[in-house]
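Chain by chain, the residues run as shown.
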Amino acid sequence: MKKKENAAITFAILSALGAALILKLVFFDFMVAEGESMSPAINDGRVLIVNRLAYGFRPPLHKSYLWRWALPDRGNIVVFYTPLGDLAVKRCAAVLGGEHFLALGDNSLESYDSRAYGPVPLDNILGRVVGIK
């Protein structure tokens, strides 16, 4: 009887971990902001809740969207990969031709953004920030 109980507990724990991993990789992500480029809206150390499905479906570890159903609106705060491959959090200033967007930090004196590296491909977006804690 004890082996069945242990197996059931192990299965429940592994199922919960698997479900949490799928939720994080596909639906929502939690990230910690670093730096002052988005100050005062987002300060260093704040936890960001990111909706990974805001603009479409991008499989984990995939470099582009398989399906895109929306574009970021001007003013949306997005998490994306810069052209150098760094993860960044900036505000969408404009969408260009449906393929690129301009990313600008709220704190222009501290922000490394599209003013330095130019337009960013929309496929670089991981998601939209929907909460700041």
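It should be emphasised that the depicted structure is a prediction, and the values quoted were computed from it without experimental measurement. (Residues numbered from 1 in each chain as written. Predicted model: local features only at pLDDT ≥ 70, side-chain atom pairs only at ≥ 80, totals over all residues. Heavy atoms only, no water.)

## Some details on the overall build of the protein chain
In terms of regular secondary structure, the protein chain is built from two helices and nine strands. Across the protein chain, helices and strands are ordered from the amino to the carboxyl terminus as α-β-β-β-β-β-β-β-α-β-β. Against the globule reference of 14 Å for 133 residues, the protein chain gives a C-alpha radius of gyration of 18 Å, more extended than a compact globule. Judged by the C-alpha coordinates and their principal axes, the protein chain covers about 65 × 30 × 25 Å. Of all 133 residues assigned to the protein chain, the portion counted as buried reaches 35%. Side-chain charges in the protein chain split into 15 positive and 12 negative, and the spacing between the mean points of these groups amounts to 9 Å. (Helix = DSSP H or I, 4+ residues; strand = E, 2+ residues; numbered from the N terminus. Rg over C-alpha atoms; globule rule 2.2 N^0.38 Å. Buried < 20%, exposed > 50% of the residue type's maximum accessible area, 1.4 Å probe, protein only. Lys, Arg positive; Asp, Glu negative; His and termini not counted. Charge placed at Lys NZ, Arg CZ, Asp CG, Glu CD.)

## Details of the sheet that holds strand 2 (residues 47-51)
Strand order in this open sheet of seven strands is 1-2-9-5-6-7-8, and the pairing throughout is antiparallel. Where the open sheet ends on each side, the last strands, each with one partner, are strand 1 (28-32) and strand 8 (120-121). With three bridges connecting them, strand 5 (residues 77-81) and strand 9 (residues 125-132) associate as antiparallel partners. The residue of strand 9 that forms the bridge with Val79 is Gly127. (Pairing = 2+ DSSP bridges.)

## Quick word on the environment of Asp44
Within the secondary structure, Asp44 sits in the loop between strand 1 and strand 2. Note on Asp44: relative accessible area 46%, which makes it partly exposed. Spatially, the C-alpha atom of Asp44 lies 4.9 Å from that of Glu34, the residues being 10 residues apart in sequence. Contact partners of Asp44, with chain neighbours within four places excluded, come to Ala33, Glu34, Gly35 and Glu36. In this structure the side chain of Asp44 is engaged in a polar contact, spanning 2.8 Å, whose partner is the backbone nitrogen of Gly35. (Contact = heavy atoms within 4.5 Å. Polar contact = N/O pair within 3.5 Å; in protein donor to acceptor, adjacent residues only side chain to side chain.)

## Some remarks on the pattern of salt bridges
As enumerated under the stated definition, the model contains four salt bridges in all. With its nearest N and O atoms 3.2 Å apart, the salt bridge here joins Arg52 to Asp29. Note that Arg52 is positioned in the loop between strand 2 and strand 3 (56-57) and Asp29 in strand 1, a separation of 23 residues in sequence. (Salt bridge = Lys/Arg side-chain N within 4 Å of Asp/Glu carboxyl O.)

## Thoughts on the nonpolar core
Formed by 13 residues in total, the largest nonpolar core has its most connected members in Tyr55, Val78, Phe80, Phe101 and Ile125. Put simply, the parts of the chain that give this core at least two residues each are strand 5, strand 6 (87-96) and strand 7 (100-104). Residues contacting Ile125, with those up to four places away along its chain left out, are Tyr55, Arg58, Tyr65, Pro72, Val78, Val79, Phe80 and Phe101. Ile42, Val50, Val79 and Leu126 belong to the second-largest nonpolar core, a separate cluster that totals 11 residues. (Core = buried A, V, L, I, M, F, W, Y, C linked by side-chain atoms within 4.5 Å.)

## Regarding the confidence of the model for the protein chain
Looking at the protein chain, pLDDT values average 92 and 99% of them are 70 or higher. The least confident element of the protein chain, judged by mean pLDDT, is helix 1 (residues 2-27) at 81; the most confident is strand 7 at 98. (pLDDT = per-residue confidence, 0-100.)

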